[in-house]
Protein chains: 2
Amino acid sequence: MDSAVAREQALDAAETLFYGRGIQSVGMDDIRGASGVSLKRLYQLFPAKEHLVVAYLERRDLRWRGRLAEYTDSHEDARQRVLAVFDWLGEWFREPDFRGCAWINSYGELGAVSEPVAEQVRAHKRAFRKYLEGLVDDAGLPAELAGQLHLLAEGAMVTAAVERSAEPAARAGRAARMLVEAYSPSDANGAPAGH
Amino acid sequence: MDSAVAREQALDAAETLFYGRGIQSVGMDDIRGASGVSLKRLYQLFPAKEHLVVAYLERRDLRWRGRLAEYTDSHEDARQRVLAVFDWLGEWFREPDFRGCAWINSYGELGAVSEPVAEQVRAHKRAFRKYLEGLVDDAGLPAELAGQLHLLAEGAMVTAAVERSAEPAARAGRAARMLVEAYSPSDANGAPAGH
DNA sequence: TAACGTAGAGAACGATGGTTCTCACGTCAA
DNA sequence: TTGACGTGAGAACCATCGTTCTCTACGTTA
């Protein structure tokens, strides 16, 4: 009844369905069925499907980055925080409903055809990249490393989705560790590469 | 008139349109208009749109891997061949109609909803990974490295698409060089990391 | 109680799209 | 020539879907 509640229910249904089956495969009537929010209300809250899609990506972005930050921030050491990103990816990949990166998927589906969706994807990836840069900077490591870790993380997301496996997170983590060590000044801890 | 010619024309149109605008945004009638192949003929050659999609991905897979191999094989040194992969990615990203990886895009759009398409994507990524493993093995480097380079390459494709920039290829190439050097036994050439 | 505004259920509308059908035309074999 | 066949153009069919409309029921207020 409360508009705010209906909005959250609509977004809950949108997230489950859009993420699980893709956007174009889900009709507004499916959203209604899954959310219990009538079509009339849906169109009051979101004047077109595209608005609902953008709102879904926005809310998921906040939650996704929140969960990531919560995980990494629980580590003391700055360098550990950098590597914890990949541990967290592994936990994410292991979630039973994991189906790849919502933004990469949306971009593949609508990036060429909906500018608002494309911009949402760019904003999310920009923010993720910025977050990595912060972690890397806190560890006293150069910004170049952040860009490289970003590529590893994106590659892990794609590969985990396609191969339906969480293993790419660990693989990316091992590569990340090697890069971190390669960039570290005066590397005195001496763990040999790759083990 | 020749069936084989019509098939190629249909696939040409499918490739341009599906890759450029996404699959669900392109109707069979668009394919007809762009190819000059009548609907009747189209449905003789491909009994359903899904077959056309799979055939498009199959043919593109052969060409894509062919072009990659042609480029890397032109390098003498085995280790150079490994790194040449990222140079080639840069050339690909700079093509004016570049719009990301066709398979990643298709997976995001239809992976959850069409098993044949999902399997096509898995097959392509498996073959790409296998190719990297061959290059890495020829250079006397461990298979683990191939997996890591694969993640870098996938990440570069995604990021180049979203950011509409070819720069991720160079960044991935720098990371790849560092990993190759880290894995190299008795590293006597001594180029310091990152420059 | 009466009048009113709002909401939900679901029908309706209009467009699109995958697939099939019609029909007129040309080709080739007998 | 004739008849069977294959073809192209495009209409037709049928389902889906985004979006809007209708109608009924209910809650609120005077």
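Fair warning: this is a prediction, and the values are worked out from it, not measured in the lab.

1. Re the state of the cysteines
Phase 1 of the analysis: Applying the stated criterion across every chain yields a total of zero disulfides over all chains.
Phase 2 of the analysis: With no disulfide of its own, C101 of chain A lies 14 Å from the sulfur of C101 of chain B, the closest cysteine sulfur.
Phase 3 of the analysis: Look at C101 of chain B and you get buried, because its relative accessible area is 2%.

2. A few points about the domain arrangement of chain A
Size of an interface, as often reported, equals the accessible area lost when the parts are brought together.
Residues and elements named next belong to chain A.
Phase 1 of the analysis: Assigned domains of chain A: these are domain 1 (1-47) and domain 2 (50-183).
Phase 2 of the analysis: The C-alpha centroid of domain 2 is placed 26 Å from the C-alpha centroid of domain 1.
Phase 3 of the analysis: Facing 18 residues of domain 1, the contacting portion of domain 2 comprises 17 residues.
Phase 4 of the analysis: Of the roughly 1600 Å² buried between domain 1 and domain 2, counting both surfaces, carbon and sulfur atoms make up 61%.
Phase 5 of the analysis: Its largest share of buried area at the contact with domain 2, domain 1 owes to E15, Y19 and I23, together 47% of the area lost on that side.
Phase 6 of the analysis: Along the contact surface separating domain 1 from domain 2 lie five salt bridges.

3. Here we look at the protein's contact with DNA strand D
Phase 1 of the analysis: Taken together, the residues surrounding DNA strand D are V26, G27, M28, L39, K40, Y43, A48 and K49 of chain A together with S38, K40, R41 and Q44 of chain B.
Phase 2 of the analysis: Close to the protein, within 4 Å, the atoms of DNA strand D belong to sugar or phosphate groups at a rate of 62%.
Phase 3 of the analysis: Contact between DNA strand D and Q44 of chain B: a phosphate oxygen at 3.3 Å from a side-chain N or O atom of the residue.
Phase 4 of the analysis: When residues of the surface near DNA strand D are traced back to their parent elements, those giving at least two are α3 (39-45) of chain A together with α3 (39-45) of chain B.
Phase 5 of the analysis: Among the residues making up the surface near DNA strand D, the classes are represented as five nonpolar, three polar and four charged.

4. Here's the deal with the pattern of salt bridges
Phase 1 of the analysis: Taken as a whole, this structure holds 34 salt bridges over all chains when the rule is applied.
Phase 2 of the analysis: Among the ionic pairs, R32 of chain A bridges to D29 of chain A, the shortest N-O distance being 3.7 Å. You can see R32 of chain A and its partner D29 of chain A sitting in helix α2 (residues 28-35), three residues apart, about one turn around the helix.
Phase 3 of the analysis: Taking the relative accessible area as the measure of exposure, R32 of chain A reaches 35% and is therefore partly exposed.
Phase 4 of the analysis: The residue E167 of chain B makes a salt bridge to R171 of chain B at a minimum N-O spacing of 2.7 Å. Placement of both E167 of chain B and R171 of chain B in helix α9 (residues 167-183) is noted, with a separation of four residues, approximately one turn of the helix.
Phase 5 of the analysis: Each of the salt bridges in this network shares a partner with another, and the network as a whole consists of E8, D12, E15, R59, R60 and R63 of chain A.

5. A closer look at the relation of the copies chain A and chain B
Phase 1 of the analysis: When chain A is fitted to chain B, the residual RMSD is 0.0 Å, and the transformation amounts to a turn of 180 degrees plus an axial shift of 0.0 Å. Taken together, these values place the two copies in the relation of a two-fold axis. Ranked by how close their C-alpha atoms come to the rotation axis, the residues of chain A are headed by G155 of chain A, at 1.9 Å.
Phase 2 of the analysis: A share of 100% of the interface residues of chain A reappears at the interface of chain B, consistent with the copies meeting face to face through the same patch.

What counts, and at which threshold
- Residues numbered from 1 in each chain as written.
- Chains lettered and ligands numbered in written order.
- Predicted model: local features only at pLDDT ≥ 70, side-chain atom pairs only at ≥ 80, totals over all residues.
- Heavy atoms only, no water.
- Disulfide = S-S within 2.5 Å.
- Buried < 20%, exposed > 50% of the residue type's maximum accessible area, 1.4 Å probe, protein only.
- Domains from an automatic or database assignment.
- Contact = heavy atoms within 4.5 Å.
- Buried area = accessible area lost by both parts, 1.4 Å probe.
- Salt bridge = Lys/Arg side-chain N within 4 Å of Asp/Glu carboxyl O.
- Near = heavy atom within 4 Å.
- Polar contact = N/O pair within 3.5 Å; in protein donor to acceptor, adjacent residues only side chain to side chain.
- Helix = DSSP H or I, 4+ residues; strand = E, 2+ residues; numbered from the N terminus.
- Nonpolar A, V, L, I, M, F, W, Y, C, P; charged D, E, K, R; others polar.
- Least-squares fit on C-alpha atoms with pLDDT ≥ 70 in both.

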